[in-house]
Amino acid sequence: MSFEQFMYKGVRFSTKIHSEDSLSFEENEFEVFDDDVFNITYPKSGTNWMIEILNLIKHNGDATISQTVPINQRSPWCEAITFKDQVAKLTHPRFITSHLPYHLFAKSFSTSKAKIIYTIRNPKDIIVSLFYFVKTLSFFKANNNFQDSIDYFLQGKGMYGSWFDHIKSWMQIKGDSRFFFITYEELLKDRRGSVVRLCKFLGKELTDAQIDSVVEHSSFNSMKENKMSYWSDVKSEIVDQTKGSFLRKGVSGDWKNHFTVAQSEHFDKVYQERMKDLNMSFYWEQE
Ligand code: PPS
């Protein structure tokens, strides 16, 4: 697997959707406001799902915006070439997305009261999700070799760098009151409970009916039925969804249908080594 790339401060980015200018703008010039909310993830960890949930919370469960404005415009990626234009159109509180590791994130965040929501997912399921997703990306040379996808991930050769470095960079601020941490698997197991927790963190009081509406409109099936939820407006020269669906399966544990026992054991060995200094445990480590 490979893609047209460039390095920025040790991390790989795509020449198609990023540039030195867009990264430097985000890092040094972009002004973070106190009421900003950032949706941070490593790719394929549930980014768009969180955008959907956060937008529904912002609009008190009313799905009108979710059903009329494309998801990538509701909460644009601050590292993208398109961000400068998009950010000017956002209403407050602004909900902004990013796949950046902490060390490349907007410098003005540190002196703000803005909030971060960091979603992580079982890395084995990320590998599976990426394996299918890159086939839809025009600027990726993908192949059908799953072992390549595992190597690519473990060696940190992907866009946005290594998953291990990403999680470790953001976990540096996990004790900060502005930081909220959730897993994709928690969202799957208890979406309502997760929405309630998110509302509390955001200081947003919703009625039970409004919470029900957030839960209903952010289900996998609701998002599949909503054209505004899966990048259907993006040109096929970038994402060609005839080659694979953006909302592919939406489950946890699909890795078991893809990894051989040997691949899983090798992954676990590298994972344990790379994660040992983090002092955190995740439910998937028991699987
Ligand atoms: S990206 O390209 O990095 O922004 O992708 P991202 O949105 O982070 O991740 C895509 C995966 O999230 C799944 N998804 C969902 N799962 C469950 N419920 C809902 N509502 C939902 N919305 C998105 C999506 O299906 C991708 O996972 P896979 O495993 O490929 O299905």
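Sequence order as written defines residue numbering, which begins from 1 separately in each chain. Where local features are concerned, this predicted model is filtered to residues with pLDDT of at least 70; where side-chain atom pairs are given and counted, the filter is 80 or more; whole-chain, interface and lining totals use all residues. Side-chain metrics in this entry use all non-hydrogen atoms of the structure; hydrogen atoms and water are not considered.

> A description of the pattern of salt bridges should follow, citing residues and the corresponding values.
One speaks of a salt bridge when a side-chain nitrogen belonging to Lys or Arg is within 4 Å of a carboxyl oxygen belonging to Asp or Glu. Scanning the entire structure with this criterion turns up 13 salt bridges. Salt-bridge contacts for Asp36 lead to Arg94; the nearest nitrogen and oxygen are separated by 2.7 Å. On the criterion of sequence distance, the pair formed by Asp36 in the loop between α1 (20–29) and β4 (37–41) and Arg94 in the loop between α5 (83–88) and β5 (95–98) is long-range, its members being 58 residues apart. Of the two residues, Asp36 and Arg94, neither departs from the other in class, the shared state being buried. When salt bridges with common partners are traced through the structure, they connect Arg248, Lys249 and Asp254 into a single cluster. Labels follow the DSSP assignment, with helices taken as runs of H or I lasting at least four residues and strands as runs of E lasting at least two, numbered in each case from the N terminus. Think of it in three bands: residues with accessible area under 20% of the maximum for their type are buried, residues over 50% are exposed, and the middle band is partly exposed, with areas taken using a 1.4 Å probe on protein chains only.

> Hey, could you go over the layout of surface pockets for me, with residue numbers and the actual values?
Think of a 1 Å grid over just the protein atoms. A cavity is a set of points where a 1.4 Å probe fits yet cannot get out, a pocket is an open set with protein on both sides within 12 Å along at least five of seven lines, and lining residues have an atom within 4 Å of a point. Grid points are joined across faces, edges and corners, and a volume is the space filled by probe spheres set on the points. Within this model, the second largest pocket holds a volume of roughly 260 Å³. Contributing to the lining of the second largest pocket are Asn55, Lys58, His59, Ile65, Val69, Gln73, Arg74, Gln86, Lys89, Leu90 and Thr91. Where the lining of the second largest pocket is concerned, the elements lending two or more residues are α2 (47–58) and α4 (71–74). Put simply, Ala, Val, Leu, Ile, Met, Phe, Trp, Tyr, Cys and Pro go in the nonpolar bin, Asp, Glu, Lys and Arg in the charged bin, and everything else, Gly too, in the polar bin. Looking at the lining of the second largest pocket residue by residue, the classes come out as three nonpolar, five polar and three charged.

> Run through the side chain of Ser112, naming residues and quoting values.
Positionally, Ser112 belongs in the loop between β5 and β6 (115–120). Looking at Ser112, the relative accessible area reads 8%, which means it is buried. Ignoring anything within four residues of it in the chain, the contact list for Ser112 reads Val32, Asp34 and Arg178. Contacts are assigned to residue pairs that have any heavy atoms within 4.5 Å of one another.

> So what's going on with the sheet that holds strand β8 (residues 179–183)? Which residues, and what values?
Here a strand pair is declared whenever DSSP counts at least two bridges between the two strands. Across the sheet, four strands lie side by side as β5-β4-β6-β8; this open sheet has parallel pairing. Each end of this open sheet is capped by a strand with a single partner; those strands are β5 and β8. With direction set aside, neighbouring strand axes in the sheet form an average angle of 20°. The pairing of β4 with β5 spans four bridges and is parallel. Among the inter-strand pairings, Asn39 is bridged to a residue of β5, identified as Thr97. The convention used is that axes are lines fitted to C-alpha atoms, helices contributing only their stretch in contact, and that angles between N-to-C directions extend from 0 to 180 degrees.

> An account of the environment of Tyr42 is needed here, citing residue identities and associated values.
Here Tyr42 shows up in the loop between β4 and α2. In the structure, Tyr42 is positioned 121 residues away from Trp163 in sequence and 6.6 Å away in space, judged by C-alpha atoms. Non-local contacts of Tyr42, meaning those with residues more than four positions away in its chain, are made with Thr47, His99, Ile126, Phe153, Met159, Tyr160, Gly161, Ser162, Trp163 and His166. A polar contact is formed between the side chain of Tyr42 and the backbone oxygen of Gly161, at a distance of 2.8 Å. Here a polar contact is recorded for every N or O atom pair within 3.5 Å, except that within protein the pair must consist of a potential hydrogen donor and a potential acceptor, and residues adjacent in sequence are included only if both atoms are side-chain atoms.

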